[in-house]
Amino acid sequence: MDKSFSDNAYSTKIPKIAPSLLSADFCCLKSEIKSIHDAGGDLLHLDIMDGHFVPNLTFGLPVIEAIAKVSQIPLDAHLMVMNPDLYIEPLAKIGIKYLSFHQEVVHHSHRMIQKIKDFGMKAGIALNPGTPISTILDLLMDVDFVLIMSVNPGFGGQKFIKTSIKKVQFLNNFRKENQLKYEIEIDGGINAETIKPLIPAGIDIVVAGSYVFQSDDYQKAIRRLKNV
Ligand code: DX5
Ligand code: ZN
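Residues numbered from 1 in each chain as written. Chains lettered and ligands numbered in written order. Predicted model: local features only at pLDDT ≥ 70, side-chain atom pairs only at ≥ 80, totals over all residues. Heavy atoms only, no water.

Our focus in this paragraph is the overall build of the protein. Helix and strand content of the protein: eight helices and eight strands. In the protein, which comprises 228 residues, the share counted as buried stands at 53%. Considering only intrachain contacts with a sequence separation of at least 6, the fraction spanning at least 24 residues in the protein is 65%. Here the protein displays about 10700 Å² of accessible surface, and carbon together with sulfur accounts for 52% of that area. Charge-centre separation for the protein: the mean point of 24 positive side chains lies 5 Å from the mean point of 25 negative side chains. (Helix = DSSP H or I, 4+ residues; strand = E, 2+ residues; numbered from the N terminus. Buried < 20%, exposed > 50% of the residue type's maximum accessible area, 1.4 Å probe, protein only. Contact = heavy atoms within 4.5 Å. Areas by Shrake-Rupley, 256 points an atom, 1.4 Å probe, with all protein chains shown as cover. Lys, Arg positive; Asp, Glu negative; His and termini not counted. Charge placed at Lys NZ, Arg CZ, Asp CG, Glu CD.)

Within the first shell, the zinc ion (ligand 2) binds the protein through H45 (NE2), D47 (OD), H78 (ND1) and D187 (OD), at distances of 2.0 to 2.3 Å. Every donor counted, the six donor atoms about the zinc ion (ligand 2) form angles of 70 to 169° at the centre, which fits octahedral coordination. Overall, the relative accessible area of 4% leaves D47 in the buried class. We classify D187 as buried; its relative accessible area is 7%. (Donors = N, O, S within 2.8 Å, 3.2 Å for Na, K, Ca; no water. Tetrahedral: all angles 85-135°; square planar, octahedral: opposite > 155°, others 65-115°.)

Next up on the list: the site of ligand 1. The local shell around ligand 1 holds 20 residues, among which G154, G157, D187, G189 and S210 are the closest. One of the backbone N or O atoms of G154 is found 2.6 Å from an oxygen atom in ligand 1. Interatomic distance of 2.5 Å between a side-chain N/O atom of S210 and an oxygen atom of ligand 1. Relative to its free-state accessible area of 380 Å², ligand 1 is covered by the protein chains to the extent of 100%. Here ligand 1 occupies the largest cavity. (Near = heavy atom within 4 Å. Polar contact = N/O pair within 3.5 Å; in protein donor to acceptor, adjacent residues only side chain to side chain. 1 Å grid on protein atoms, 1.4 Å probe; cavity = no way out; pocket = protein on both sides within 12 Å on 5 of 7 lines; lining within 4 Å. Sits in = over half its atoms within 2 Å of the grid points.)

Applying the stated rule across the entire model yields eight salt bridges. Linking K226 and D42 is a salt bridge whose minimum nitrogen-to-oxygen distance equals 2.9 Å. Of the two residues, K226 sits in helix α8 (residues 218–226) while D42 sits in the loop between α1 (29–38) and β2 (44–49), which places them 184 residues apart along the sequence. It is possible to trace a salt-bridge network through shared partners that takes in K13, R175 and D204. (Salt bridge = Lys/Arg side-chain N within 4 Å of Asp/Glu carboxyl O.)

With that settled, consider helix α4 (residues 109–118). S109, M112, I113 and I116 are the residues of α4 that are buried. Buried residues of α4, viewed axially, fall in a sector of 100°; they line one side. α4 presents R111 and D118 as exposed residues on the side facing more than 90 degrees away from its buried surface. Contacts made by the buried residues of α4 are with α3 (85–94), β4 (98–102) and β5 (122–127). At the exit of α4 stands G120, carrying a positive phi of roughly 85°. (Arc of directions from axis to C-beta.)

Moving on to empty space enclosed by the protein. This model, assessed by the stated rule, comprises one cavity of 30 Å³ or more. Taken as a whole, the largest cavity spans an internal volume of roughly 210 Å³. Only β2, β3 (75–80), β8 (205–208) and α7 (210–213) provide two or more residues apiece to the lining of the largest cavity. Across the lining of the largest cavity, the residue classes tally to 11 nonpolar, 11 polar and two charged. (Points joined across faces, edges and corners; volume = space filled by probe spheres on them. Nonpolar A, V, L, I, M, F, W, Y, C, P; charged D, E, K, R; others polar.)

Next up, the structure:
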C-alpha cells in the first residue's frame, strides 16, 4: 500500500466517489462512462453550466439524456445555472438521482427542495466557497444532501480551498446534534492528499474530476480516494 495511505487509522467511513465528467474526454463519453463504472465509481457527477452563473458552458439536456442511457452508475447533477427551476422536471424524466442547485441564485429554496423531492430525486443545496453555512441553516432539516464547493465553480483542475473543511465539520456536528440524515458532498480540488482531513470531518460523497480522469488508471485513482 502507498505509504501516504497507511497512516489513516482515524478514518471512520469510506465515502462514495463521484467522478466528474467535466474532466473526461468529451469525444469518448460512452467509453469514459463505462471505464468509471468498471473502476468502481459510485456516482457520476455532471456539472451543468449556463455561462452566466459560472463563466463556462458544459452540456445541456440532449447530451445528459445520452449520458443517462449508457450510464450504469446513478447520476449526480450539479446545477451551476441562474434558473435551476427550469431543469428539475426534464432532469427527473432523464433519471437523475441527486440534484443540487446553488443557494446563491435561488430566492425560494424550500420550494425548490420540495419540487426536486416531489419529482423523486434527492435534493441538494450547493454553496460557493465564499458563502457561509449560516445562509442554509434553516434548510438543513429539509435537504437530502449539501454540496460544499471547495473551489469557485466553473472549471476543473483548480486548487482546493481549505476553509471548506470547517464547513464539512460543522455540517457533520450539526447533523449529529439534530439527528438529521443529510449527506455531505465536497466538490473541487480533490486528490489523494486533500481528501485526508475530509474523512474524519465526516464527508459522505467526494467529487473528483481531474484527479481521476488525468490518472493513467481510473480504478487505482478511485481506490486511493477510498483508501482501500
Ligand atoms: C467545478 C465543478 C467540479 C469540477 C471538479 O465547477 O463543480 O465538479 O469538475 O473538478 P476537479 O476535481 O478537477 O477540481
Ligand atoms: Zn460539480
